[in-house]
There are 2 protein chains.
Amino acid sequence: MDMNERKKKILHSIINEYIKSAEPIGSRHVARNLDIGLSSATIRNEMADLEEMGYLEQPHTSAGRIPSDKGYRLYVDSLMNDYELTVPDMTALGGTLEWQLGQIDKIIKKASVILSELTNYAAVLTTPEMKRGAIKTVELVPVDNSSALIILVTNEGVMKHKRVLLPAGTDTEFVHRFSALLREKLSGLTLDEISATKISEIRRAMQAHFELLFPILDFIADVIDDVRAETEVFTSGATNILSYPEFSDVKQAKEFLEFLDDKNAVAGILNTDDETGTQNNGGITVRIGQENALDIMKKSSVITANYYVGNRVMGKLGIIGPTRMDYSKTIAKIKKISAMLNRLLYELYVDEE
Amino acid sequence: MDMNERKKKILHSIINEYIKSAEPIGSRHVARNLDIGLSSATIRNEMADLEEMGYLEQPHTSAGRIPSDKGYRLYVDSLMNDYELTVPDMTALGGTLEWQLGQIDKIIKKASVILSELTNYAAVLTTPEMKRGAIKTVELVPVDNSSALIILVTNEGVMKHKRVLLPAGTDTEFVHRFSALLREKLSGLTLDEISATKISEIRRAMQAHFELLFPILDFIADVIDDVRAETEVFTSGATNILSYPEFSDVKQAKEFLEFLDDKNAVAGILNTDDETGTQNNGGITVRIGQENALDIMKKSSVITANYYVGNRVMGKLGIIGPTRMDYSKTIAKIKKISAMLNRLLYELYVDEE
DNA sequence: ATTAGCACTCAACGAGATAGAGTGCTAACA
DNA sequence: TGTTAGCACTCTATCTCGTTGAGTGCTAAT
């Protein structure tokens, strides 16, 4: 059995149609409504072939056909057309222009909200792996007599803070001086470079004046570890999936929403960098149905893109929806948003350096 | 028609039973399974009375009866028994003991998660109204040559930060000195006390040395305004509601989940301090079905409690679920958690002052 | 005052019957 | 040889209709 142009054209039409209607497509429908100049009988034969080749499936004998994962895969890789963002799409993006100078977290959160609103699927987004980020500044802010705040800012605009208890009788000026020492020792280092040995080194340097604050050092090591390990996951628009007939069963829908609530599981889905998902173009990865590792995702597709600060990958953003997804449109939208995000982050955190 | 003890007992039994089964309760069932020493016929008469009085409803002629909002109201106000937390409940609360010294936000978030897990309803929680909070410390942390971080800590442990651009050529030492001035001027003031006049006063004090930093002052005013206005809303376990037959219709479930995503709407529900919802006991408010203002809530009930730092109300926590709710159990659990939260916050932010 | 008994109501369920969409196959056709 | 018309066949979805059973309200007996 060979794959000719005509088969491709028919498959393309069927998938386009099924994406819209969610109803199995019959030969008659293809012959009438989609302008391929062939009779339903001929189409019927071709569809039988396409099924044998694994691109289509039949829910039952007397129903039309629906695309298989393999069908979608072909569609994504070589059939579908590029989608041009429309005016309404662009106006929906208008809000992004209002992004303010602020914490990277907020920008990122906003991006995921926009993505979910624009696509009508569930948007997911991971924050940076920080291992290779560098410390821009460290500050120990005294809050009252017994506690202070450790504040850590990295060159990617990420900020972390933690409250620590101070040994009794520590005075404010003292804390400020220690803060200066910390800053001097740690500024410019990448998080990876701050090892246990580095910490001991600081401990030695403290010997002279700051014995009192030894316990604090452990807290600081903690915060750094936290930042290093942590990659947060935001989801947005999870309830969107309830709009699709694929999730009309409440039990399944509940399972799926609970899965989306489980940050770790979602992070897993985003970070599986296997070769199955084609790196289509512009760094977009599409993983269709069975190509996903987790059982609960076998009937869904994931589209992800990386985002950057300068040329370092910071995290991923993407959407999750039913395999019957408008791939072309959605890919265009993700590309657009990740491009906007990249530009913005570049302006904020690279330009000014 | 008068309300005698027997009627109350029957109503009580019916509601208890309906809370468990979600099925309309018939006279026969009451006579057999719940030990009221009466025949089904007698119960039937009593139930007809209770319906006429508005405490029960009939979905259709040949079905059993279900409680009305009025029925639940009577139940909550004077029928139901106190619920003793069981051992499994307590172990579920065990996790709370691990609460760490940290930001108040995290504690509060954790509390809402525990609440939703413990009750199996959707938990909601609002953070403090900050108007009357006092500033514990202000710090301006230089991040690099062109930007700094404003950090604001209040006596309730809330921390806010914002990144600001520095005028070209500002040096670090300069920023630190300005930071000290700010701290001196603002520490101890409540947010309400920091008016425009106060800001101008600082501006005058700066005159001598800090003209360069005038623009920063506006940012600081911004941050303070933010903190003052802001009351955050956390929700947790929203998907729990999908377990209940009341929400088995996907369309309705979607609407409801979207409502729970709308922080403003949820805040509205929590903050309506009207007289309808009885202040039952221990500061618990129960609002049943129609007693809620919003249409989408007319088939749900809300149970809320205030929580405090010391003796100042900080915010509310509560749950939202179907009117067929296990009021007794849920109230006990909310009481318990708000008590734990109060104690913890007291220890953290009052004790040490 | 309570209860047994009975006629009545109505949703839920299951069994056909029917309609309709779609298929595969065969034979005719260009 | 590729395409198409026609037809028998399959199978789901939908509707009708009778049955079942839970539950009620009313009446008359206790």
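Scroll up to find the structure this text is about.
Conventions and cut-offs
- Residues numbered from 1 in each chain as written.
- Chains lettered and ligands numbered in written order.
- Predicted model: local features only at pLDDT ≥ 70, side-chain atom pairs only at ≥ 80, totals over all residues.
- Heavy atoms only, no water.
- Pairing = 2+ DSSP bridges.
- Helix = DSSP H or I, 4+ residues; strand = E, 2+ residues; numbered from the N terminus.
- Axes fitted to C-alpha atoms, helices over the stretch in contact; angles between N-to-C directions.
- Buried < 20%, exposed > 50% of the residue type's maximum accessible area, 1.4 Å probe, protein only.
- Phe/Tyr/Trp six-rings, centres within 6.5 Å; stacked < 30°, edge-to-face > 60°.
- Lys NZ or Arg CZ within 6 Å of the ring centre and 35° of its normal.
- Core = buried A, V, L, I, M, F, W, Y, C linked by side-chain atoms within 4.5 Å.
- Domains from an automatic or database assignment.
- Contact = heavy atoms within 4.5 Å.
- Near = heavy atom within 4 Å.
- Polar contact = N/O pair within 3.5 Å; in protein donor to acceptor, adjacent residues only side chain to side chain.
- Nonpolar A, V, L, I, M, F, W, Y, C, P; charged D, E, K, R; others polar.
- Least-squares fit on C-alpha atoms with pLDDT ≥ 70 in both.
- Salt bridge = Lys/Arg side-chain N within 4 Å of Asp/Glu carboxyl O.

**Student:** What is the right way to look at the sheet that holds strand β5 (residues 147-154) of chain B in this model?
**Tutor:** Strand pairing in a sheet is mediated by backbone hydrogen bonds. Such pairs are either parallel or antiparallel. All names here are of chain B. Strand order in the open sheet formed by three strands is β4-β5-β6, and the pairing between neighbours is antiparallel. The outermost strands of the open sheet, each flanked by one partner alone, are β4 (135-142) and β6 (159-165). Geometrically, the sheet is characterised by an average inter-axis angle of 15 degrees between neighbouring strands, direction not taken into account. Bridge count for β5 against β6 is seven bridges, and the pairing is antiparallel. When the bridges of β6 are listed, A148 appears paired with V164.

**Student:** Looking at this structure, I do not really get unusual backbone geometry. What am I missing?
**Tutor:** Excluding glycine, residues mostly carry a negative phi; peptide bonds, for their part, are mostly trans. Residue and element names in this part refer to chain B. Positive phi, close to 65 degrees, is recorded for A22, a residue that is not glycine. Of note, the phi angle at N120 is positive, near 70 degrees, even though the residue is not glycine. Summarising the element assignment, N120 is placed in the loop between α6 (104-119) and β3 (122-126). With a relative accessible area of 38%, N120 lands in the partly exposed category.

**Student:** In this structure, what is going on with the packing of aromatic side chains? I would like to understand it.
**Tutor:** Here the distance between the centres and the angle between the planes together describe a pair of aromatic rings. Evaluated as defined, the whole model comprises 10 aromatic pairs over all chains. Aromatic side chains B:Y72 and B:Y327 sit 5.6 Å apart centroid to centroid with 50 degrees between the ring planes, which places their arrangement in the tilted category. Taken together, the residues B:Y72 in helix α4 (residues 69-79) and B:Y327 in helix α12 (residues 327-351) connect sequence positions 255 residues apart. Neither B:Y72 nor B:Y327 differs from the other in exposure class; each is buried. Following the ring pairs from residue to residue traces out a cluster consisting of A:Y72, A:Y75 and A:Y327. The ring of A:Y55 has A:K70 lying over it, and the distance from NZ or CZ to the ring centre is 4.7 Å.

**Student:** Looking at this structure, how should I read the nonpolar core?
**Tutor:** If you look at soluble globular proteins, the nonpolar side chains tend to sit buried side by side. With 57 residues, the main nonpolar core has B:I303 and B:Y327 as its most contacted residues. With nine residues, α12(B) is the single largest residue contributor to this core. When residues of this core are sorted by domain, at least three fall in each of domain 1 (5-79) and domain 2 (87-129 + 232-351) of chain B. Leaving out residues up to four positions away in the same chain, B:Y327 has contacts with B:Y72, B:Y75, B:V76, B:M80, B:V286, B:I288, B:S301 and B:I303. Membership of the second largest hydrophobic core comes to 56 residues, among which are A:L56, A:Y72, A:I104 and A:L317.

**Student:** Could you clarify how one ought to interpret the sheet that holds strand β6 (residues 159-165) of chain A in this entry?
**Tutor:** Residue and element names in this part refer to chain A. Strand order in the open sheet formed by three strands is β4-β5-β6, and the pairing between neighbours is antiparallel. With partners counted over all chains shown, the strands left at the sheet margins are β4 (135-142) and β6, one partner each. Averaged over all pairs of adjacent strands, the angle between strand axes in this sheet comes to 15 degrees, irrespective of strand direction. Across seven bridges, β4 lies against strand β5 (residues 147-154) in antiparallel orientation. Pairing of V138 across the sheet is with L152, part of β5.

**Student:** What exactly am I supposed to notice about the protein's contact with DNA strand D here?
**Tutor:** In the region of DNA strand D, 21 residues are neighbours, and A:R6, A:T42, A:T61, B:S27 and B:R65 sit closest. Each atom of DNA strand D within 4 Å of the protein was classed as base or backbone; sugar and phosphate made up 77%. A:S39 is positioned with one of its backbone polar atoms (N or O) 3.2 Å from a phosphate oxygen of DNA strand D. The contact in question runs from a sugar or linking oxygen of DNA strand D to an N or O atom on the backbone of B:S62, over 3.3 Å. Elements with a contribution of two residues or more to the surface near DNA strand D: α3 (40-52) of chain A together with α2 (27-33) and α3 (40-52) of chain B. A per-element tally of the surface near DNA strand D places α3(A) first, with four residues.

**Student:** When you look at the protein's contact with DNA strand C in this model, what are you seeing that I'm missing?
**Tutor:** Close to DNA strand C lie 20 residues; A:S27, A:R65, B:R6, B:T42 and B:S62 are nearest. One of the side-chain N or O atoms of B:R6 is found 2.8 Å from a phosphate oxygen in DNA strand C. The separation between a phosphate oxygen of DNA strand C and a polar side-chain atom of B:T61 is 3.5 Å. The biggest single contributor to the surface near DNA strand C is α3(B), with four residues. Class assignment for the residues of the surface near DNA strand C results in four nonpolar, 12 polar and four charged.

**Student:** Which parts of the structure should I look at to understand the interface of chain A and chain B?
**Tutor:** A common measure of how large an interface is: the accessible area buried when the components associate. Taken residue by residue, the interface counts 33 residues in chain A and 33 residues in chain B. Put simply, chain A and chain B have two residue pairs in polar contact (both at pLDDT 80 or more) between them. Looking at the side of chain A that touches chain B, the elements that each hand over two or more residues are β4, β5, β6, α7 (172-186), α10 (250-261) and α12 (327-349) of chain A. Along the lines of polarity and charge, the residues of the side of chain A that touches chain B split into 15 nonpolar, nine polar and nine charged.

**Student:** Quick question: what am I supposed to make of the relation of the copies chain A and chain B here?
**Tutor:** Here the second copy of the chain follows from the first by a rotation about an axis and a shift along it. The two copies are related by a screw operation: chain A maps onto chain B through 180 degrees of rotation and 0.0 Å of translation along the axis, at an RMSD of 0.2 Å. Within this description, the copies of the chain are treated as partners about a two-fold rotation axis. Taking C-alpha positions as the reference, the residue of chain A nearest the rotation axis is A:V250, at 3.1 Å. Interface overlap between copies: 100% of the residues of chain A at the interface are likewise at the interface in chain B, consistent with a symmetric, same-surface contact.

**Student:** Just checking my understanding: could you explain the side chain of B:S179 for this structure?
**Tutor:** Residues and elements named next belong to chain B. Secondary-structure assignment places S179 in helix α7 (residues 172-186). Of the residues examined, S179 reaches a relative accessible area of 1% and is grouped as buried. Setting aside residues up to four positions removed in sequence, S179 forms contacts with V138, E139 and L140.

**Student:** What is the right way to look at the pattern of salt bridges in this model?
**Tutor:** Opposite charge on two side chains makes pairing possible when the charged atoms of those side chains draw close. Tallied over the entire structure, the rule returns 25 salt bridges over all chains. The salt bridge partner of A:R6 is A:E46, with a shortest N-O separation of 2.7 Å. Here the residue A:R6 occupies a position in helix α1 (residues 5-21), and A:E46 occupies one in helix α3, the gap between them amounting to 40 residues. Residue classification places A:E46 among the buried positions, given a relative accessible area of 4%. A salt bridge links B:E291 to B:R73; the shortest N-O distance between them is 2.6 Å. Taken as a pair, B:E291 in the loop between β9 (285-288) and β10 (300-309) and B:R73 in helix α4 lie far apart in primary sequence, 218 residues in all. Residue B:E291 is classed as buried on the basis of its relative accessible area of 18%. Under the relative-accessibility criterion, B:R73 is labelled buried at 12%.

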